[in-house]
Amino acid sequence: MSPKKQHFNFLLLLLLVMGQQSFGMIGNTYYFLAVYDAQNRDLLAAAQKAIADLNAGTPSAVLPAGKTINVTAVQSGSESLFQTVCKTGNEHLLWIDGILDFTARPSCVEDLARNLDAPIIRASMELTNDVPNVHPSPRNYMRAVAALLLRDNATRDGIMVLYDASFDAGSILPYEDYSWYPPIYLRKIPTTAVEVATLLDEAKTLRIADFVVASSVSNAAMVVQQAGVKSLMGGIYHWFVVTKDLQDFSCSGCGAGSSLFFFRQTAADATRATAVFTAVQSATGVAVAESRKVDVLFAYEAAETMGRVIKAQTDAGSFGNATNWLVCSGAYSPSTPVRYNDYTAKLKALPSFSSVMGNVAFASTLRNTDTTFKIAQIVYPGPTVNNIGTWTKAAGLAGSVSTISLSYMTIRNLIVRLTHDPPFVIKKTDGTFEGYSIDMLKNLATNMNFNYTLVEQTDGIYGTLQSDGTWNGMMGALASGVADMAIGPITVTAQREQIADFTVPIYDYVSLQILLLQPTSSKGDQTFFLKAFTWDVWVSIIAIITFTGFLIFFVDKVSPFSFQNRYRNDQIREGEAEGKVFTVKESLWYVLGAYTQAGESFDPRSMSCRTIIVGFWLFGYLMMSLYTANLAAQLTVDKLSQPPQSFDELTTQVAMKYTVIKDTASYEHFMRMKDAEANLYNYWLTSGIGTEETVDQLASLVTWKYPVIERYTTVWNRMTKWASPPAQSRRSTESEKRTSPSSWRARW
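Residues numbered from 1 in each chain as written. Predicted model: local features only at pLDDT ≥ 70, side-chain atom pairs only at ≥ 80, totals over all residues. Heavy atoms only, no water.

Naming follows an unreviewed UniProt entry, where the protein chain appears as PBPe domain-containing protein of Macrostomum lignano. Here the protein chain is described in UniProt, under the heading Subcellular location (unreviewed entry), as follows: "Membrane". (UniProt positions renumbered as here; feature names shortened; annotations may be inferred.)

So, in C-alpha cells, the structure goes:
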C-alpha cells in the first residue's frame, strides 16, 4: 500500500473515532498550541495564567458555558515548526483550535496557522500589522512625545533619541511624518556613566537641546543624572523619558534644576497584574523584570483575547471544522482557510473590553489600537511630581497637559531684515510685504517651527565691507546681532560668507530665468497611457482575458489528462513534478500573467489547455507590441511639440521672440557677454594672426572660419531687433506688463 493511501486510512480512522468533530473543538475542550522562544518563557507563563483564569470563569462569560481550554506549549528550536508538529506523538497538534505565538519568527507560525486553518494571535512589540497582535504599535511611544513637542513653534538644532535594549531602534520613530525632527540623532545608551558623559559631550557639540530617552527607568536615571553634571538641564534643554517599566521614575543622584516629562503605561487592574507576575515567577523561577512587565501583561491579554474571539465565533455558529489539515507526507495543496478568515473578521469586529492593561480595541484592524500613556512632569530637588494628563492615539493629549504652559521651551521670534526689490520682496501700499522670498520665508517658518518679525532696511543696501572692517546694510545688521535673518536676492560672496550662513542658492548665479506662460494644452493628462488603445479595444482585451481564463478552468476540469483529474484517479507517476489545480481564480491569474509576460511556475498538463495557451500567447505578444508602438508614437509627438526648455533651446530658434529690459542686471549681463565675445574676436585678429613666427604657428591659426561660436552676439542682435522700441526702457515695459500680461510671454 502506498504512503498516500496509508495516510488517507489514518485520516479515515480519525474520522471514525472523532465523529462529526474531526477537526476543531473536541467535546467541551478547546485545544490551543503555544509556540515560544526560550527568551519568551515568561510570556508563555502569562498566557497559561490567562487560560487558567478563563477556565475558572475569571473574567466571567468569556468562554461558552461548560467549555474549557487546554494548551500545549512547544518551544521553537533548530528544527522547523512543521517538523515539530509532524513528529510521532504530536498528531493532536494537527487539529488545534488556536495558536498563541510568542516567537521572533511570526511568518513561520502564521504559515502553520493558515495550513491548519487555526486562529492565531501575537503579543509582540513589532512593526508588522498583518498578523493579529494584542500589543499596540511601538511607534506610539514616540507619537506621545511628539504630541507634546509639537505644542509650540520651538526652534531646534536637533533632537537626540537615546534608547536601550528594551526598545528596537527601527521601531520607536513614527514613520508618518518626520518633519517635526530637525535632524535626529539616534544613539544607544552606553553601559557606564563615563561613556554616557562622553555621549552628552557630543550632544553639546551638535548644539542639541531636546532629548528623548526610551529605556528602562534605571538607564534613564543614569542619563538624566549625567545631564545635570554636564549642565544640560533647565533653560533651553528639554528632556522626555518614555519607558516600558511600570514603576515610578527614581533618580537619587539628580540635582537641583533637573526636570523632565515622564511617559509610561500603567496596569489598569493592579490586583490582577500582581497575580500574573506571581504566577509567572512561580512557573519560571525568576521574578519578572521591570522592562518585561508590559510585555508579560500583553501576553496575558493575548490569550484572553483569543478566548473572546472564539466565543464570538461559537455564538455565531461559525466556529466549525477546519477546511485544511496538514499532510506530513505526500503532496499537499491547502484550500482557503475558512475558519482562520472568519476568526480575523470576528477579531476586527470584537467590541472593546477592559483587561489587565486597560481597554483592548482592534477597531476594524488586526492590531490593538488602544494605548494610554500617563504623563508626569518631574522637577528636582524633591522631586516634585505633577501628573499633568494622558495621551492616547485616538484622542491625543488630555488633561491639564493640553493647557499647560510650555514657556520654558526655546520659542524664538526671529528678526528678519528685507528691502523692496521686486519680484522677491514687494512692499504693498498698506506697508505689508509679499513676493517670492516672503512666500519662501512663510514655508520655512511652518516647516522649521519659528516665528518672525519683518523689519525693513530703509536704505535698501544689502551690505558691503567698509574700510574700517565693519559692514553696512543688511549684512551689518546680521554681523552686529540686530537681525537674525535677511531675505531677498542677496548675492553670495566669500566676504559675506565670513559673517553669515547662506541657504542653498535658489536663483541662477547670473540672476537670469526664462519666464514663459504655460500653454493650456500642456496640462498633464493622468490617463495618457490608456489612450494608446481606444476604449472598445480595452473592453475587448478584458473580455478575451476573462473568457480565456474561464475556458482554461473548464477544459482543465473536464480533460482526463489534466493534473487534477489524473491526481483524482491516482494516475500520477512516481517522481512526476507537482502540478496545479486550475480553479477559476488560478486560471484567471495564470491568463493575466501570460498576457503581461510575467510567467507562471506551473503550466497546464493537458494538450487541449496548452493549445489554448499557445494561441493566447500569440494574442498577448501581438497586443503588447501594438501597445508599445502606439504609446511610443504618442509620447514622441508630445515631446516634439514642447516649448523651449533651456537657454540653448531658446537661442537656437526664431519662432518665439524674446528680449530684456533696458538698464537692468539682465541687460547688462548680455551686453557684457556680447562685448566679451567681441574682445575675443579682436584678440584673435590682432594678437594671433600676424604675430606668428613659424609655419606651424601660422597653420594653427589659419582657418576658413572664426573658431569661437558667437552665441551671445547673436542673442544680443536678435533681442535688439525684436525689442519695440529697441532696448525698451524699464518704465515703458513695466507699464506694458500692467496693461497686457500676455505681452511678456517670452520675456526674461
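There's plenty left to go through after this.
A. Expanded view of the nonpolar core. Membership of the largest hydrophobic core comes to 47 residues, with the highest contact counts inside it found for F32, L100, F102, V134, V296 and L297. For this core, the elements supplying multiple residues, two or more each, are β1 (29–36), α2 (41–55), β3 (98–102), α8 (270–284), α9 (290–316) and α10 (338–348). A total of 11 residues in this core trace back to one element, the largest contributor, which is α9. Within the second largest apolar cluster, 28 residues are counted, among which are V217, V223, V224 and C254. (Core = buried A, V, L, I, M, F, W, Y, C linked by side-chain atoms within 4.5 Å. Buried < 20%, exposed > 50% of the residue type's maximum accessible area, 1.4 Å probe, protein only. Helix = DSSP H or I, 4+ residues; strand = E, 2+ residues; numbered from the N terminus.)

B. The pattern of salt bridges, seen in detail. Throughout the structure, instances matching the rule amount to 19 salt bridges. The partner of K49 in a salt bridge is D53, and the shortest N-O contact between them spans 3.2 Å. Of the two residues, K49 and D53 are both situated in helix α2; the distance of 4 residues between them amounts to about one turn of the helix. K49 gets classed as partly exposed once you look at its relative accessible area, which sits at 22%. D53 sits in the buried class, given a relative accessible area of 12%. Here R272 and E304 are joined by a salt bridge, their closest N and O atoms 3.5 Å apart. Taken together, the residues span a long stretch of sequence, with R272 in helix α8 and E304 in helix α9 at a distance of 32 residues. In this structure R272 comes out as buried when scored by relative accessible area, which is 14%. Here E304 falls in the buried class, since its relative accessible area comes to 1%. One network of salt bridges, in which partners are shared, links D269, R272, E304 and R308. (Salt bridge = Lys/Arg side-chain N within 4 Å of Asp/Glu carboxyl O.)

C. Local environment of the state of the cysteines. Considering all chains together, one arrives at 1 disulfide under this definition. With a sulfur-sulfur separation of 1.9 Å, C251 is cross-linked through a disulfide to C254. Disulfide C251-C254: torsion about the S-S bond near 85°, hence right-handed. By relative accessible area, C251 is classed as buried at 6%. (Disulfide = S-S within 2.5 Å.)

D. Structural context of the packing of α2 against α9. Contact pair α2 / α9: the axes reach a minimum separation of 8 Å and the direction vectors enclose 40°. Taken as axis vectors, α2 and α9 run oblique relative to one another. Along this stretch, α2 crosses α9, giving a crossing that reads as right-handed. Contacts from D42, L43, A46, A47, K49, A50, I51, D53 and L54 in α2 reach R292, D295, V296, A299, Y300, A303 and E304 in α9. Per-class residue counts for the contact of α2 with α9 are 10 nonpolar, no polar and 6 charged. (Axes fitted to C-alpha atoms, helices over the stretch in contact; angles between N-to-C directions. Parallel < 35°, antiparallel > 145°, perpendicular 65-115°, else oblique. Left-handed = near helix turned anticlockwise from the far one by under 90°. Contact = heavy atoms within 4.5 Å. Nonpolar A, V, L, I, M, F, W, Y, C, P; charged D, E, K, R; others polar.)

E. View of the sheet that holds strand β4 (residues 120–122). Spatial strand order, β2-β1-β3-β4: 4 strands in an open sheet with parallel pairing. Strands at the two margins of the open sheet, each flanked by one partner only, are β2 (68–75) and β4. If you compare each strand with its neighbour and ignore which way they point, the axes differ by 20° on average. Bridge count for β3 against β4 is 3 bridges, and the pairing is parallel. Residue pairing for β4: D101 is matched across the bridge by R122. Its contacts with the sheet place α9 against β1, β3 and β4, and it is angled at close to 160° to β3. (Pairing = 2+ DSSP bridges.)

F. Focus on the packing of α2 against α8. The geometry of α2 relative to α8 is characterised by a closest axis approach of 9 Å and an angle of 120° between their N-to-C directions. Put simply, α2 runs oblique to α8. Here α2 and α8 pass one another in a crossing that is right-handed. Along the contact surface, α2 presents R41, D42, A45, A46 and K49, while α8 presents A275, V276, A279, V280, A283 and T284. Per-class residue counts for the contact of α2 with α8 are 7 nonpolar, 1 polar and 3 charged.

G. Structural detail: helix α6 (residues 193–205). Between its first and last C-alpha, α6 extends 19 Å over 13 residues, near the 18 Å set by a 1.5 Å rise per residue. Of the positions making up α6, those classed as buried are V196, A197, L199, L200 and A203. Buried residues of α6 fall within an arc of 160° about the axis and therefore sit on the same side. Opposite the buried face of α6, at more than 90 degrees from it, the exposed residues are V194, T198 and T205. As for α6, its buried residues are in contact with β5 (159–163), β6 (184–188), β7 (210–214), α7 (217–229) and β8 (238–243). With its phi angle positive at about 60°, R207 sits one or two positions after the end of α6. (Expected span 1.5 Å × (residues − 1). Arc of directions from axis to C-beta.)

H. Quick look at the side chain of N40. On the secondary structure map, N40 appears in the loop between β1 and α2. For N40, a relative accessible area of 11% translates into the label buried. What N40 contacts, discounting residues up to four positions off in sequence, is F102, T103 and R292.

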